[in-house]
Amino acid sequence: MKNLNTEEFLFEAGAQMTFHRDMSYYNEKSFQCACGSEHDFYDYMNYSNFGTSGINAKMIVTCPKDPKFSTLIKTKYKFLVVFDKFISLAGCKTE
Ligand SMILES: [Zn+2]
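The shown structure was predicted, so the numbers you read here are calculated from the model rather than taken from an experiment. Numbers given for residues are sequential positions, taken from 1 along each chain in its written order. Local features in this predicted model are restricted to residues whose pLDDT is 70 or higher, and side-chain atom pairs enter the listing and the counts only when it is 80 or higher, whereas totals over whole chains, interfaces and linings include all residues.

*Asks:* Which parts of the structure should I look at to understand the overall build of the protein chain?
*Replies:* Helix and strand content of the protein chain: one helix and seven strands. Helix numbers and strand numbers start at the N terminus; a helix is a DSSP run of H or I with at least 4 residues, a strand a run of E with at least 2. Along the chain direction, N to C, the helices and strands of the protein chain fall in the order β-α-β-β-β-β-β-β. Out of the 95 residues in the protein chain, the part that is buried amounts to 23%. Within the protein chain, contacts between residues at least 6 apart in sequence are counted, and of these 48% link residues at least 24 apart. Burial is judged by counting other C-beta atoms within 10 Å of a residue's own C-beta: 20 or more means buried, 12 or fewer means exposed, and anything between counts as partly exposed, with every C-beta placed from the backbone. Think of it this way: build a C-beta for each residue from its backbone, and any pair within 7 Å is a contact.

Structure, rendered in structure tokens:
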């Protein structure tokens, strides 16, 4: 996972989607957080969706333990249909 400053982080995330996608399907799937530990994802967490190609979703989640940390995660599928895991693309710590 890359550690970026806020500007680079938002650039990496790309264009934000204007509608909110339902992410409850991913509840309780763990992701590697920028703070160094793993957390379970819940769709009520403060996140933003960013467009990606196909079925994959890219979003920013805020660390549930320390809100200074944000992580850009991307969904990864097996055989295009089975959710495999979250991949952490980049992390950002705001002061
Ligand atoms: Zn965390």
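More follows now that the structure is in view.
*Asks:* What's the story with the environment of Asp-40 in this structure? I'm lost.
*Replies:* Among the secondary structure elements, Asp-40 is positioned in strand β3 (residues 38-40). Distance in space between the C-alpha atoms of Asp-40 and Glu-28 is 4.7 Å, their sequence separation being twelve residues.

*Asks:* Even after reading the chapter, I still don't get the pairing of strand β7 (residues 82-93), so can you show me in this structure?
*Replies:* Here strand β1 (residues 2-4) pairs with β7 via three bridges, running parallel. Paired with Leu-4 across the two strands is Cys-92, which belongs to β7. Two strands make a pair as long as DSSP finds a minimum of two bridges between them. The pairing of strand β6 (residues 69-78) with β7 spans ten bridges and is antiparallel. From the neighbouring strand, Tyr-77 faces β7, where its bridge partner is Phe-83. Taking the residues that link successive antiparallel strands as the turn, the β6-β7 hairpin has three residues, and the phi of Phe-79 there is positive, at about 55 degrees.

*Asks:* What is the right way to read unusual backbone geometry from this model?
*Replies:* For Glu-28, which is not a glycine, the phi torsion comes out positive at approximately 70 degrees. Within the element layout of this structure, Glu-28 appears in the loop between α1 (6-13) and β2 (30-32). On the basis of neighbour count, Glu-28 is assigned to the exposed category, with 7 C-beta atoms found within 10 Å.

*Asks:* Please clarify how the environment of Ala-34 should be interpreted in this entry.
*Replies:* Relative to the helices and strands, Ala-34 resides in the loop between β2 and β3. For Ala-34, the residues in contact, after removing those within four places along its chain, are Met-1, Cys-63, Phe-69, Ser-70, Thr-71, Gly-91, Cys-92 and Lys-93.

*Asks:* Even after reading the chapter, I still don't get the environment of Ser-37, so can you show me in this structure?
*Replies:* Checked against the element boundaries, Ser-37 lands in the loop between β2 and β3. When the 12 C-beta atoms within 10 Å are taken as the criterion, Ser-37 is described as exposed. As a C-alpha pair, Ser-37 and Lys-65 span 28 residues in sequence and 9.6 Å in three-dimensional space.

*Asks:* Help me out: how do you make sense of the pairing of β6 in this one?
*Replies:* Successive side chains on a regular strand alternate, one facing one side of the sheet and the next facing the other. The sheet contact formed by strand β5 (residues 58-62) and β6 spans five bridges and is antiparallel. Along β6, the bridge assignment pairs Thr-62 with Ser-70. With antiparallel pairing between neighbouring strands as the criterion, β5 and β6 make up a hairpin whose turn holds six residues.

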